[in-house]
Amino acid sequence: MNKEVEHSSVDADDEISQQSQRRKGGLVTMPFIIANEALARMASMGLIPNMITYLMGSYRLHFGKATQILLLFSAASNFTPVVGAFIADSYLGRFLGVGLGSAISFLGITLLWLTAMFPQARPPACIHPTGDCKSATKGQMAVLLSAFGLISIGNGGLSCSLAFGADQVNRKDNPNNHRVLEIFFSWYYAFTTIAVIIALTIIVYIQDHLGWKIGFGVPAALMLLSTLLFFLASPLYVKITQRTTLFTGFAQVTVAAFKNRKFQLPSHNSPEFYHHNKDSDILVPTDRLRFMNKACAIKDREQDIGSDGSAINPWSLCTVDQVEELKALVRVIPLWSTGIMMSLNIGGSFGLLQAKSLDRHITSHFEVPAGSFNVILVGAIFIWIVLYDRVLIPLASQIKGKPVRISPKTRMGIGLFLSFLHLVTAAAFESIRRKKAIKEGYLNDPDGVLKMSAMWLAPQLCLGGIADAINGIGQNEFYYTEFPRSMSSIATSLGVMGVAVGNLLSSFVFSTIENVTSRGGEEGWINDNINKGHFDKYYWVIVGLSALNFVYYLVCSWAYGPTVDQGSKASAEENGSNDVNTLIDDMGSDTTG
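Bear in mind that the values here come from a model prediction, so they are computed numbers and not experimental data. (Residues numbered from 1 in each chain as written. Predicted model: local features only at pLDDT ≥ 70, side-chain atom pairs only at ≥ 80, totals over all residues. Heavy atoms only, no water.)

Novice: Even after reading the chapter, I still don't get the pattern of salt bridges, so can you show me in this structure?
Specialist: Any two side chains of opposite charge can pair, so long as their charged atoms come close to each other. Throughout the structure, instances matching the rule amount to 7 salt bridges. Its salt-bridge partner being R360, residue E367 comes within 3.7 Å of it at the nearest N-O pair. Across the salt bridge formed by R411 and E477, the nearest N and O atoms sit 2.9 Å from each other. On the criterion of sequence distance, the pair formed by R411 in helix α15 (residues 408-439) and E477 in helix α16 (residues 458-482) is long-range, its members being 66 residues apart. (Salt bridge = Lys/Arg side-chain N within 4 Å of Asp/Glu carboxyl O. Helix = DSSP H or I, 4+ residues; strand = E, 2+ residues; numbered from the N terminus.)

Novice: Sorry if this is basic, but what is going on with unusual backbone geometry here?
Specialist: A negative phi angle characterises most non-glycine residues, just as the trans form characterises most peptide bonds. For R60, which is not glycine, the phi torsion reads 60 degrees and is therefore positive. You can see R60 is positioned in the loop between α3 (51-58) and α4 (63-92). For L289, which is not a glycine, the phi torsion comes out positive at approximately 50 degrees. Among the structural elements, L289 can be located in the loop between α10 (246-259) and α11 (301-304). You can call L289 partly exposed: its relative accessible area is 28%. (Buried < 20%, exposed > 50% of the residue type's maximum accessible area, 1.4 Å probe, protein only.)

Novice: What am I meant to see in the environment of L96 here?
Specialist: The topology assignment puts L96 in helix α5 (residues 94-117). Exposure remark for L96: the relative accessible area of 38% places this residue in the partly exposed category. Sequence-wise, L96 and C160 are 64 residues apart; in three dimensions their C-alpha atoms are separated by 9.5 Å.

Novice: Explain the packing of aromatic side chains to me, please; I cannot follow it from the model alone.
Specialist: Given two aromatic rings, their pairing is described by the distance between the two centres and the angle made by the two planes. Within this structure, the stated rule accounts for 20 aromatic pairs. Three or more aromatic residues joined by ring pairs form one cluster here, namely F95, F164, F230, F231 and Y237. The ring of F258 carries the charged tip of R261 above its face, separated from the ring centre by 4.1 Å. In this structure, R331 packs its charged tip against the face of Y560, placed 3.9 Å from the ring centre. (Phe/Tyr/Trp six-rings, centres within 6.5 Å; stacked < 30°, edge-to-face > 60°. Lys NZ or Arg CZ within 6 Å of the ring centre and 35° of its normal.)

Novice: Explain the confidence of the model for the chain to me, please; I cannot follow it from the model alone.
Specialist: As a general rule, the predicted coordinates of low-pLDDT regions are not to be interpreted in detail. Taken as a whole, the chain shows an average pLDDT of 80; of its residues, 85% reach a score of 70 or greater. Helix α20 (residues 580-585) is the least confidently modelled element of the chain, averaging 31 in pLDDT, while helix α9 (residues 212-232) averages 93, the highest of any element. With pLDDT under 50 throughout, residues 1-17 is counted as low confidence; its partners more than four residues away or in other chains account for 0 contacts. Across residues 570-593, where pLDDT falls below 50, the model places 28 contacts with residues more than four positions away in sequence or in other chains. (pLDDT = per-residue confidence, 0-100. Contact = heavy atoms within 4.5 Å.)

Novice: Looking at this structure, how should I read the packing of helix α2 (residues 30-45) against α9?
Specialist: Viewed as axis vectors pointing N to C, α2 and α9 meet at an angle of 165 degrees, and their least axial separation amounts to 8 Å. Relative to α9, the element α2 is oriented roughly antiparallel. Like other packed secondary-structure pairs, α2 and α9 cross with a definite hand, here left-handed. In this structure, α2 contributes F32, A35, N36, L39, A40, M42 and A43 to the contact, and α9 contributes P219, L222, M223, L225, S226, T227, L229, F230 and L232. Grouping the constituent residues of the contact of α2 with α9 by class yields 13 nonpolar, 3 polar and no charged. (Axes fitted to C-alpha atoms, helices over the stretch in contact; angles between N-to-C directions. Parallel < 35°, antiparallel > 145°, perpendicular 65-115°, else oblique. Left-handed = near helix turned anticlockwise from the far one by under 90°. Nonpolar A, V, L, I, M, F, W, Y, C, P; charged D, E, K, R; others polar.)

Novice: Which parts of the structure should I look at to understand the packing of α3 against α4?
Specialist: The axes of two packed helices give the description: the angle between them and the distance between them. Two numbers describe how α3 lies on α4: the axes approach to 10 Å, and their chain directions differ by 135 degrees. Between α3 and α4, the angle is such that the two are oblique. α3 and α4 meet at a crossing whose hand is right-handed. Each of M51, I52, L55 and M56 in α3 lies in contact with α4, whose residues at this interface are F63, A66, T67, I69 and L70. Residue composition of the contact of α3 with α4, grouped by class: 8 nonpolar, 1 polar and no charged.

Shown next as structure tokens:
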């Protein structure tokens, strides 16, 4: 009797807690969450454009080594979000994930600022006119790499911001929920894009004209403000307290499916044949990847299920939810891998050197900093988001006479194709730029400025920005809607995981091409002097890989089949449902046909 009373009391407390959480969240939390992410993005992105200059100038690193460090730093910064997502979903929760990530990022940027503040943290200045330059010591490099490491770790926690923000507005009982989420993802992306524009203009300008001390101090101050604003709104947030040990769950499903591999699955999918949580929305497993269903199939209820309804041995019998979580991850991996190509590039340092070789004057007295040209790419992202959300979709809906929406999976494919066109344009332009440099006599002069406007970089940057916007937003929404809510942090971190792998692949391709093309003392494609190098040929190699990747995407997209919202729509049509909510859910229909 006492146990029943205690159990009822716990249930009542849980219900009160859930009701309290439902009253929180909403639009009131958006300014704090978006400000946290925007300021953090402004701080981190403000460090990147001129970092190659800082490493080559203040730390005496050669172009190749500095580029490798930055590629690996970028890879780490985009890999830690996956680790952070697992830890947040399994142990800490997304609130603590974002909060701790913000604080650690602040420490990393502050440490980087201190390397600029104290001369002892860097190699001494070169002795002129002898040109005697000392390299950085192991201790100095350790401090520098520690700063990069802390920033990367902090970014792992900050990456939960998108899923944490979605928790505030995601209401499954809202029939317009798909559209609300799409708007949230788009405007979250838009405001962080504005932050990046500010970083690429104002912060880069400060670094070029006021030096590294102030240039790194401003990002540190912005990161401090980002952290304080996030914690300021703590009482307003929905904080999901569910803890799901996903690593363990995935391992249990794998082991249980293997143990039960010879077990014959029931001929009918009925709830009594499968083990599921009492409050689960999923009572039977799906037919896809059916061999995994053996992990949650009940063989003998008396031997498998305890008196409290839980599995006696979770390594032999798992829940339907656990099976479906692993299925979702396995099914998404092929499509996810197609996005890796979006991040395969020469490295941001090449764009800086390329811009420096061109005429950057807007007027006779004002010259655009070379590190600011990526603002064209970021501006294209922002403009496309506004046009898509406020012009193209409403116009298409008006023409068709009903709400329309391009599916996330389709947008991923469009983004990949535009990325291919971006690389073709970049390869063609670099070929033209190099020929003009040689014609004007700058073959042996890497500091020479061509009689060619740097605005010729705009077409490739615009194409790259639009491709990133279409593919990136499509990926975020695709993962978030396809995965169970318990995996939403992982879902929203998969995109940046693709960037991490892309950066690692870039580093591998960079080293391979450098080694292969410079064999036998030959002048390789990779050179500190971009006029002597053959970066145009490098681009054409990536163009070929991008074309193959697009074909691979088409195969993966076909193999994946319909998405969750498409499947829901098809099921409703089969049942002949004319319910108003079903008509509203048609907003999630695919318009690819």
